[in-house]
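# Chains, contacts and geometry: an overview
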Amino acid sequence: MFFDWRDAMKRELVIRTADIGGTQCRRADIRGGNLEKYLATGSVNSPDELVDFVCGDLPVNCMGVAISVAGIVENGIVVQSPNISMLNEVNLAYRIERKSRLSAKVYNDMDGGAAGMFALLSNQGIKVRRSLCMTWSTGIGARVVDNGTIVNPGAEMSHFVIDKDPSAPKCGCELRGCVESLIGGISIKEMVIEITKPFIPAGTHPCTFLDQEFDSGKDWAFEVYFHAAKFMAQFLAVVMTTAVFQDVIYKGTFGMSAFSRISLLIKQYMKESLMVGMRGRVDGMRFIPSPDPENDALHGSAALFLKDS
Ligand SMILES: [Zn+2]
């Protein structure tokens, strides 16, 4: 059955939601599509402490608990979380259910974020087409979302090799020349430092310097953004040709800077990698920023919970 989350909003159902990251945990209640009782804490020291934080001060009319965690999640179990290793192999959904006496669901944070981007835009009355929802920050994560459903939950879309050159940079995933190793925020930052080290003003982030120099027409900054556009286009062309999305919804510090500067260039490069019949789709493709990049995973895990309940 298709679940209409707008109906849940009208009925003002309350869902406890949390976003668990390596350095910060955040929780809130979603009531009628709005965020309430937001609370943040630093990293926690044990799974029990985490469950206590997630289940603290639950509202009496709460219908369930939906959380997102940075890592691989299957059936409520955190299979592997590189930045929160204390959660590895912990059945978090079971522990939360035991503590809260409510139904609990655990999602991967990119799944939560992607579902949240869709839910928030729909919430604003924007007709969201089949979209690639992505984060372009230190790393790159992406999901295809169709009518609120994640088409490829748990995917690792940015870890495939697109540059076979043996000197291509190595990624945390062990590959050399994967998408993230080439144009993830960390690589771009290193590229900027390598090119301009003596010239970056003290206290200025290398990527801010890149934007300033790009906006004042410096060749080296164009070169860096050409590099970013070329490989982002290759990534998007592969996804478009396999998963046929219509728009890109994005968040992430580097994405916020990059898409506003190079989206036309990305489209141009994309067309070069696509068969003629697919190129028209690129012209109609929109780049839409997430309406609430800080909190979309909180909204999204609640939206997924409603769909899955
Ligand atoms: Zn990688």
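Residues numbered from 1 in each chain as written. Predicted model: local features only at pLDDT ≥ 70, side-chain atom pairs only at ≥ 80, totals over all residues.

### A closer look at the environment of Arg31
Structurally, the position occupied by Arg31 is in strand S2 (residues 24–31). C-alpha separation for the pair Arg31 and Arg16, spaced 15 residues apart in sequence, amounts to 8.9 Å. Here Arg31 is in contact with Glu12, Val14 and Glu36, once residues within four sequence places are set aside. (Helix = DSSP H or I, 4+ residues; strand = E, 2+ residues; numbered from the N terminus. Contact = placed C-beta atoms within 7 Å.)

### Let's talk about the sheet that holds strand S1 (residues 14–20)
Spatially, five strands are ordered S3-S2-S1-S4-S8 in an open sheet, and the strand pairing comes out mixed. Strand pairing shows two members of the sheet lacking a second neighbour, strand S3 (34–42) and strand S8 (104–108), which therefore form its edges. Sheet twist, expressed as the average angle between the axes of neighbouring strands with direction ignored, equals 20°. Relative to the sheet, helix H3 (residues 92–100) contacts strand S4 (62–69) and S8, its axis offset from that of S8 by approximately 150°. Helix-sheet contacts for helix H4 (residues 109–123) involve S1, S4 and S8, and the interaxial angle to S8 is about 95°. (Pairing = 2+ DSSP bridges. Axes fitted to C-alpha atoms, helices over the stretch in contact; angles between N-to-C directions.)

### Examining the nonpolar core
Counting 87 residues, the largest nonpolar core has Phe118, Cys133, Ala228 and Met232 as the members making the most contacts within it. If you tally residues by element for this core, the top one is helix H8 (residues 219–243), at twelve residues. Among the domains, domain 1 (5–116 + 294–308) and domain 2 (126–289) are the pair contributing at least three residues each to this core. Discounting residues that sit within four places of it in the chain, Met232 has contacts with Ile183 and Ile266. (Core = buried A, V, L, I, M, F, W, Y, C linked by C-beta atoms within 7 Å. Buried ≥ 20, exposed ≤ 12 C-beta atoms within 10 Å, placed from the backbone. Domains from an automatic or database assignment.)

### Focus on the domain arrangement of the chain
Each domain of the chain was delimited in the assignment, giving domain 1 (5–116 + 294–308) and domain 2 (126–289). Averaged C-alpha coordinates put domain 1 and domain 2 at centres separated by 28 Å. Listed as interface residues are eleven residues of domain 1 and, on the opposing side, ten residues of domain 2. Contributions of two or more residues to the side of domain 1 that touches domain 2 are made by H4 and helix H11 (296–308). Broken down by class, the residue content of the side of domain 1 that touches domain 2 amounts to six nonpolar, two polar and three charged. (Nonpolar A, V, L, I, M, F, W, Y, C, P; charged D, E, K, R; others polar.)

### Brief notes about the sheet that holds strand S6 (residues 77–80)
Taken together, three strands build an open sheet; the order of strands is S5-S6-S7 and the sheet is antiparallel. At either margin of the open sheet sits one strand with a lone partner, and together these are strand S5 (72–74) and strand S7 (90–91). Note that S5 and S6 share three bridges and pair antiparallel. In the strand pairing of S6, Val73 is matched with Val78.

### So, the pairing of S2
As paired elements, S1 and S2 share seven bridges and run antiparallel to each other. Residue pairing in the sheet places Ile15 in a bridge with Ile30 of S2. Hairpin connection, S1 to S2: the antiparallel pair is bridged by three residues. Sheet analysis places S2 next to S3, joined by seven bridges and oriented antiparallel. Note on S3: the bridge partner recorded for Gln24 is Gly42.

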